[in-house]
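Results of the structural survey
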Amino acid sequence: MSANTECPLSPSLKDLPKVACDLKSQLEGFNPDNMKRASTQEKNILPTADDVKQEKQHSALIQGVENFNADMLKRTNTHEKIILPNAQDVAAEKTQKALINSVEAFDTGKLKHAETKEKIVLPDKDAIEQEKGQQQLFAGIENFDTKKLKHTETQEKNPLPTKEAIDAEKAA
């Protein structure tokens, strides 16, 4: 090739960078068989079927919102129900307000002073002893054990009159 036919973008030999001799000899003596084997792992992970399905649903939703036709909506009227209080409610509220105002404006200075006397009447010793006796009696009655009773036979002390005594009484 002549110098005129070379590509104008390719540099000339003198413009190329110089390589050190020891590096040049290493590059010329390179043997790819001396390299270690390495397994390659693809890092480009493709989306799963669920991911694709979710993305389609999302894009369909966005498209539905963008292409929404407002003419398909039905017109509705809003009925506002405001119930105003009647005359009785207003009168009751005025009465309550008047009562609250009179309580708030009450002058405690017009009150008379009153002395409080505490009267605590404690039972005397005899009343306490009598109450203890009654409680013991009740406890004895409530806790009475009928199994401790002895069996007895009843004897009738009122004998009936004999037939002769009855006849004599009738005759008399």
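Residues numbered from 1 in each chain as written. Predicted model: local features only at pLDDT ≥ 70, side-chain atom pairs only at ≥ 80, totals over all residues. Heavy atoms only, no water.

**Considering the overall build of the protein chain**
When helices and strands are counted, the protein chain shows five helices and zero strands. Each helix and strand of the protein chain, placed in order from N terminus to C terminus, yields the pattern α-α-α-α-α. Compactness check: the protein chain gives a C-alpha radius of gyration of 61 Å against a globular reference of 16 Å for 172 residues, more than 25% above the reference. Put simply, the protein chain has 172 residues, and 0% of those count as buried. (Helix = DSSP H or I, 4+ residues; strand = E, 2+ residues; numbered from the N terminus. Rg over C-alpha atoms; globule rule 2.2 N^0.38 Å. Buried < 20%, exposed > 50% of the residue type's maximum accessible area, 1.4 Å probe, protein only.)

**Thoughts on the pattern of salt bridges**
Going through the model one piece at a time under the given rule, you end up with one salt bridge. The residue Glu93 makes a salt bridge to Lys97 at a minimum N-O spacing of 3.7 Å. On the criterion of helical spacing, the pair formed by Glu93 and Lys97 is a turn pair, its members being four residues apart in helix α3 (residues 87-104). For Glu93, a relative accessible area of 43% gives the class partly exposed. (Salt bridge = Lys/Arg side-chain N within 4 Å of Asp/Glu carboxyl O.)

**Side note on a nonpolar patch on the surface**
Together, Val19, Leu23 and Leu27 line one region of the surface with nonpolar side chains, adding up to about 280 Å² of accessible area. Mapped onto the secondary structure, Leu23 falls in helix α1 (residues 21-28). (Patch = residues over 30% accessible without salt bridge, like charges linked within 9 Å, V, L, I, M, F, W, Y side chains within 5 Å. Areas by Shrake-Rupley, 256 points an atom, 1.4 Å probe, with all protein chains shown as cover.)

**Thoughts on the confidence of the model for the protein chain**
Mean pLDDT over the protein chain: 84, with 95% of residues reaching 70 or higher. Looking across the protein chain, the model is least confident in α1, with a mean pLDDT of 78, and most confident in helix α2 (residues 49-66), with 93. (pLDDT = per-residue confidence, 0-100.)

**Some thoughts on the environment of Val90**
Position of Val90 relative to the elements: it lies in helix α3. Residue classification places Val90 among the partly exposed residues on the basis of a relative accessible area of 36%. Sequence separation between Val90 and Lys147 is 57 residues, and the spatial gap between their C-alpha atoms is 77 Å.

**Comments concerning α3**
The terminal C-alpha atoms of α3, which comprises 18 residues, lie 26 Å apart, in line with the 26 Å expected from a rise of 1.5 Å per residue. The distance from a side-chain oxygen at the start of α3 to the backbone nitrogen of Gln88 is 3.3 Å, and the residue carrying that oxygen is Asn86. (Expected span 1.5 Å × (residues − 1). Polar contact = N/O pair within 3.5 Å; in protein donor to acceptor, adjacent residues only side chain to side chain.)

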